Amino acid sequence: QTTSISNILQKFIPENTKITVHGWIRTLRHSKAKISFLDLYDGSCLKTLQIVIGENLHNYKSEILHLTSGCSVTICGKIVKSIGNKQDIELVATNVTILGWIDQPNTYPITPKKHSLEYLRNVAHLRSRTHIFGAISRIRHILFQSMHNFMHKKGLLWIPTPIITAADTEGNSKMFYLSENFNNKNISNNISTNQVNGEQFFFGKKAFLTVSGQLNLETYACALSKVYTFGPTFRAEHSDTNRHLSEFWMLEVEIAFSKLNDIIELAKAFLTNMIQIVLEQCTPDITYCSNHSQCNLFKRLENFLNNKIAYIEYTDAINLLISCNKNFKNTVFWGGDLFSEHEKYLSEEYFKSPVIIMNYPKNIKAFYMRLNDDNKTVASMDILVPGIGEIIGGSQREERLNILKERLLENNLSNKYYWWYQDLRRYGTVPHSGFGLGFERLLIYITGITNIKDAIPFPRVFKNINF
Ligand code: 4AD
Ligand code: MG
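Residues numbered from 1 in each chain as written. Chains lettered and ligands numbered in written order. Predicted model: local features only at pLDDT ≥ 70, side-chain atom pairs only at ≥ 80, totals over all residues.

Colleague: How do you make sense of the overall build of the chain when you look at a structure like this?
Modeller: Assigned secondary structure in the chain consists of 14 helices and 15 strands. Seen through its C-alpha atoms, the chain measures out along the principal axes to roughly 85 × 60 × 50 Å. Across the 467 residues in the chain, those meeting the buried criterion constitute 37%. Partitioning the intrachain contacts of the chain with sequence separation of at least 6 by distance along the chain shows that 66% fall at a separation of at least 24. (Helix = DSSP H or I, 4+ residues; strand = E, 2+ residues; numbered from the N terminus. Buried ≥ 20, exposed ≤ 12 C-beta atoms within 10 Å, placed from the backbone. Contact = placed C-beta atoms within 7 Å.)

Laid out in structure tokens, this is it:
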């Protein structure tokens, strides 16, 4: 019987059962009494399984004594109660097969001691072997699964939206263009696509990596009523910060016959549900992340569940920021965007809670947001959380054709790319709203990781792609 370490430690397997486990050695020690102890991990849980190996094994001297941290092994043995006080049960080995040695142990970049996250970014192909990346990966998995469950229970259908797109969803985003005919020779000569082809094309048409699936998603919301999409999203922003990635995952929700408040409620219910599930199902991993980041995550997450979320109108937020007598680097004025220092002040100092900012000026938000009666603001919302800033952005969509046309014009956006989007308003238009959540931003909030580069296995960021 082969099983996982998680199954063994959760005592799903009765004592004295003969079993086989596979894994990698985290730490090991050889006692003078000619017994060796290995701590084995296989990724199924945070904890390691203690393996006890006696000198009676045929390869004890020839192999076991030469094992080092990182070697991969298959162990057959029996589960017994442990006499040591660090663990309840352990595995007494009857056979140890070494699958892979560590080539020159002194060069192995992953040692059992705690490495800094900065150091681990340079060995992204091996960092999955550390406790912290194991913990983040298991939390991410539970979030992925729970997210789909939540949407399914709420009656939303999952619509895959394209990664290769022709229209810029956000209107003015920085995009990565695609090209055909790009070969290795051009890469090695460091010639940009532009120089090679004159222009960047996807089989003769302009195309780029999606910045958001929203517009495509709206076509399905305006037929199937409640839909969502989840996938990689690309932004060519020149932002080298600890909350920007060039490639990140976004959950986007789109609901027909709904208004701004409806999707605010849905977004809140979603966050609450995700946090509850992680607290229930990932307790050991959250505990580990909490210690690792020195941020009390239980307090952070329980505060989220127990405290009210603050609401503020953009206009009121501006007044508050102007009158608070803080020396912000970026000046605050009505019509200007909020910078992270302003968001920080609002959620961390003023409200000391998550905060929802609503009704931003139209000129700083995307063309598709529904114009309010004041003709100056749009029915928009951003959800900010302390320590991170914006994790969700959403809005009611402009469902009135004439106003949408004006907004496209104001933003210099051509009918050539948005004609189909207008059709949704031309044929049976309905009020509808939606939001987008940056998955890695949620993950850094939940794990206390301070840099978003550590929330995705292979970060693609401004001027950096190593793996
Ligand atoms: O605010 P954004 O740009 O909104 C949209 O793309 C809308 N189309 C969403 C919608 O209404 N369907 O992005 C949404 C979220 C942000 O709140 C943020 O959490 C995340 O995506 N995000 C990023 N995360 C990591 N790196 C980046 N460069 C990000 N840019 C946005
Ligand atoms: Mg936004």
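Structure's up, so let's keep going.
Colleague: I tried to follow the environment of L209 on my own but got confused; where do I start?
Modeller: For L209, the position within the fold is in strand 8 (residues 208–209). Measuring from C-alpha to C-alpha, the distance between L209 and T233 comes to 7.4 Å, with 24 residues separating the pair along the chain. Ignoring any residue separated from it by four or fewer positions in sequence, one finds L209 in contact with I163, I164, M175, F176, L178 and F234.

Colleague: What am I meant to see in the nonpolar core here?
Modeller: Among soluble globular proteins, nonpolar side chains are generally buried collectively. With 105 residues, the main nonpolar core has L40 and A267 as its most contacted residues. Among the elements that take part in this core, helix 7 (residues 260–281) stands out by supplying nine residues, more than any other. Shared between two domains, this core holds at least three residues of each, these being domain 1 (5–108) and domain 2 (129–162 + 211–454). Here A267 is in contact with I383, I392, G394 and F435, once residues within four sequence places are set aside. (Core = buried A, V, L, I, M, F, W, Y, C linked by C-beta atoms within 7 Å. Domains from an automatic or database assignment.)

Colleague: Please explain the packing of helix 3 (residues 131–153) against helix 8 (residues 283–293) as it appears in this structure.
Modeller: Angle between the axes and distance between the axes are the two parameters that describe a pair of packed helices. Orientation of helix 3 relative to helix 8, taken along the N-to-C sense of each, is 130 degrees, at an axis distance of 9 Å. Overall, the two elements helix 3 and helix 8 adopt an arrangement that is oblique. Seen from above, helix 3 lies across helix 8 with left-handed handedness. Contact with helix 3, carried on its side by H131, I132, A135, R138 and I139, involves D285, Y288, C289 and H292 of helix 8 and no other residues of that element. For the contact of helix 3 with helix 8, the per-class residue count stands at five nonpolar, two polar and two charged. (Axes fitted to C-alpha atoms, helices over the stretch in contact; angles between N-to-C directions. Parallel < 35°, antiparallel > 145°, perpendicular 65-115°, else oblique. Left-handed = near helix turned anticlockwise from the far one by under 90°. Nonpolar A, V, L, I, M, F, W, Y, C, P; charged D, E, K, R; others polar.)

Colleague: What's the story with the site of ligand 1 in this structure? I'm lost.
Modeller: Near ligand 1 lie 23 residues; those nearest to it are S212, F248, G393, G436 and G438. At the level of secondary structure, the elements contributing two or more residues to the shell around ligand 1 comprise strand 10 (247–256), strand 14 (389–396), strand 15 (432–438) and helix 14 (439–447). For the shell around ligand 1, a count of residues per class yields seven nonpolar, nine polar and seven charged. (Near = placed C-beta within 6 Å.)

Colleague: Hey, could you run me through the sheet that holds strand 14 in this one?
Modeller: To summarise the sheet geometry, strands pair through backbone hydrogen bonds and adopt either a parallel or an antiparallel arrangement. Taking strand neighbours across the sheet as the criterion, the eight strands line up as 6-9-10-15-14-13-12-11 in an open arrangement whose pairing is mixed. One side of each edge strand has no neighbouring strand; the edge strands of this open sheet are strand 6 (157–158) and strand 11 (310–313). One ladder, built from two bridges, connects strand 6 with strand 9 (residues 226–234); its direction is parallel. Bridge pairing in strand 9 links L157 to V227. (Pairing = 2+ DSSP bridges.)

Colleague: Explain the sheet that holds strand 4 (residues 72–81) here, please?
Modeller: Within the closed barrel, the five strands sit side by side as 1-2-3-5-4. Their pairing is mixed. Between one strand and the next, the sheet's axes are offset by a mean angle of 55 degrees, whatever the strand orientation. Where strand 1 (residues 18–30) meets strand 2 (residues 35–41), six bridges bridge the pair, whose relative direction is antiparallel. Bridge pairing in strand 2 links L28 to L38.

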